[in-house]
Amino acid sequence: MTAYDKPPELYDGLRLHQNENTGGCSPRVLEALAKLRPDEVGFYPPYAAATRACAEYLGVDPDTVALTNGLDEGIMGIAVAYLRPPVGGPIPEALVPEPAFEIFRVDAEAVGGQFVQVKPKPDFTFALDEVLAAITPRTRVVFLTNPNNPTGVSMPLEAIRTIARAVPREAVVFVDEAYAEFAGTTFIPELPAFKNIIVGRTFSKAFGLAGLRIGCLLGAPGVLDPVRAVIPVYSVNIAAVVAVQAALSDPAYLREYLRQVKESKALLYAACDRLGLTYSKSDANFVLIRAGDRLQALVKGAADRGIYIRDRSSEPGCAGCCRIATGIVEHTRRFIAVMEEVLCAAG
Ligand SMILES: Cc1ncc(COP(=O)(O)O)c(C=O)c1O
């Protein structure tokens, strides 16, 4: 079992390495936080209003939503609920199509589950046949991310349906939709028809609330109740509770960030084309660039100039790759200028 390779705490430059909203949250969030009263901080937090606001935003019944302390906590909850080995029973298996968010492996192994890796296709299109072939009677969770991190590539919703029909009766399919706002696609409307699927969402990315830690899980009671049972009762704090409601009350702020993400990706693709770098077309707020033997020069050169990007070269199928957040246009332009300077100097 190996621990999560947590990125170093770099806050003294431009953070393009953790897919955050580098423009931060809506000003309404700060106004709501400033209005918090001492008694509200003194009491354990109420969740009904925030749950209703999330449910309304996602178009579901509040009973099908469980708030979590970041989606990270939701993922750990799923691991604890479904991947702990039963006494004397077989070791539950967690199926993960790669490259994937590392936390799936870390959490599966932390609770004693067996991590089963499915190798990627060279172009990162979804490896459905390979996933189906890896399902066994011991499969308990299939971890999917749509659009995927670190590639930004989406999977067809039909692949999710096919997997949900193919897994054992005791298993769940987790669809991580951390980046769904950017893709404009979600599996949520189909949840009533698929009682073994849990969808995860976060307010860290599109809404810029990563520092406050709030996300949610959605699914039918039968599949969500075991997860609710293992999540600490008051894990979401009052600041996150008021912040998420304020963030959801400002759709114009979200729309403007989504617009900038689209423009940023177009700018970065054009820069890569000029520099002869290949990349995956992304449906998220980041782009995976294949810099090949220029990778180290690019990552180090950018860091030396105060811009952090994420070396993903050790991930399956990602040799020579780095991932760059593509959000605020001005930030993307700064990175592109540095990339051109560094790569032209290198070669
Ligand atoms: C695919 C995926 N899922 C979940 C998370 C975690 O989200 P949160 O900040 O809500 O814990 C991330 C964050 O990078 C992610 O990329």
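As the structure is a computational prediction, the values presented were derived from the model and not from experiment. Along each chain, numbering runs from 1 in the same order as the chain's sequence is written. Predicted model: local features are reported for residues with pLDDT of at least 70 only, side-chain atom pairs are reported and counted for 80 or more only, and whole-chain, interface and lining totals are derived from all residues. Water and hydrogen atoms play no part in the side-chain values, which are based on all heavy atoms of the structure.

**A look at unusual backbone geometry**
Residues apart from glycine generally show negative phi values, whereas peptide bonds are mostly found in trans.
In step 1: Residue E98 is joined to P99 through a cis peptide bond whose omega torsion reads -10°.
In step 2: Numbering of helices and strands runs from the N terminus, with a helix taken as a DSSP run of H or I at least four residues long and a strand as a DSSP run of E at least two residues long. Structurally, P99 is set in the loop between β3 (93–97) and α5 (103–110).
In step 3: For the peptide bond that leads from N149 to P150, omega is 20°, which places it in the cis range.
In step 4: Positive phi outside glycine occurs at F124, with the angle close to 65°.
In step 5: Among the secondary structure elements, F124 is positioned in the loop between β4 (114–118) and α6 (128–134).
In step 6: Burial classes: relative accessible area under 20% of the type maximum marks a residue as buried, over 50% as exposed, and values in between as partly exposed (1.4 Å probe, protein chains only). According to the relative accessible area criterion, F124 is buried, its value standing at 9%.

**Observations concerning empty space enclosed by the protein**
In step 1: Lining residues are those with an atom within 4 Å of a point, where the points come from a 1 Å grid over the protein atoms alone and group into cavities, where a 1.4 Å probe fits but cannot get out, or pockets, open sets with protein on both sides within 12 Å along at least five of seven lines. Grid points are joined across faces, edges and corners, and a volume is the space filled by probe spheres set on the points. With the rule as written, the count across this model stands at 1 cavity of 30 Å³ or more.
In step 2: Here the largest cavity is characterised by a volume of approximately 180 Å³.
In step 3: In terms of lining, the largest cavity is formed by 20 residues, of which the most central are P97, E98, F124, F126 and N148.
In step 4: If one sorts the elements of the lining of the largest cavity by residue count, strand β5 (residues 139–145) sits on top with 3 residues.
In step 5: Class assignment of the residues belonging to the lining of the largest cavity gives a composition of 12 nonpolar, 5 polar and 3 charged. When residues are sorted by character, Ala, Val, Leu, Ile, Met, Phe, Trp, Tyr, Cys and Pro go into the nonpolar class, Asp, Glu, Lys and Arg into the charged class, and all the rest, Gly among them, into the polar class.

**Some thoughts on the packing of aromatic side chains**
In step 1: Aromatic pairing here means that ring centres of Phe, Tyr or Trp (its six-membered ring) are within 6.5 Å. Orientation follows from the plane angle: under 30 degrees is stacked, over 60 is edge-to-face, and everything else is tilted. Under the defined criterion, the tally for this structure stands at 12 aromatic pairs.
In step 2: With centroids separated by 4.7 Å and ring planes inclined at 15°, the aromatic side chains of F104 and F143 adopt a geometry described as stacked. Taken as a pair, F104 in helix α5 and F143 in strand β5 lie far apart in primary sequence, 39 residues in all. Residue F104 shares its accessibility class with F143, and that shared class is buried.
In step 3: Ring-pair connections join several aromatic residues into one group, and the members of that group are F101, F104, F143 and F174.
In step 4: Placement of a positive charge over a ring is assigned whenever Lys NZ or Arg CZ falls within 6 Å of the ring centre and within 35 degrees of the normal to the ring plane. Residue placement shows R323 over the ring face of F286; its charged tip is 5.7 Å from the ring centre.

**Topic: the environment of S282**
In step 1: When you line up the elements, S282 lands in the loop between β9 (278–279) and β10 (286–290).
In step 2: Judged by relative accessible area, S282 falls into the buried class, the value being 6%.
In step 3: Sequence-wise, S282 and F182 are 100 residues apart; in three dimensions their C-alpha atoms are separated by 9.3 Å.
In step 4: Note on definitions: a residue-residue contact is assigned when non-hydrogen atoms from the two residues lie within 4.5 Å. What S282 contacts, discounting residues up to four positions off in sequence, is T151, G152, K265, Y269 and V287.

**Observations regarding the sheet that holds strand β8 (residues 215–218)**
In step 1: Only strands joined by at least two bridges in the DSSP assignment are considered to pair. What the 7 strands build is an open sheet, ordered β2-β8-β7-β6-β5-β3-β4; its pairing is mixed. The outermost strands of the open sheet, each flanked by one partner alone, are β2 (65–68) and β4. Across the sheet, the mean angle separating the axes of adjacent strands is 20° when strand polarity is ignored.
In step 2: Alignment of β3 against β4, held across 5 bridges, turns out to be parallel. Following the sheet pairing, E93 is matched in β4 by Q114.
In step 3: Helix α4 (residues 70–82) rests against β2, β5, β6 (172–176), β7 (197–202) and β8 of the sheet, and its axis sits at about 170° to β6. Axis definition: a line fit to C-alpha positions, over the contact stretch in the case of helices; interaxial angles, taken between N-to-C directions, run 0 to 180 degrees.

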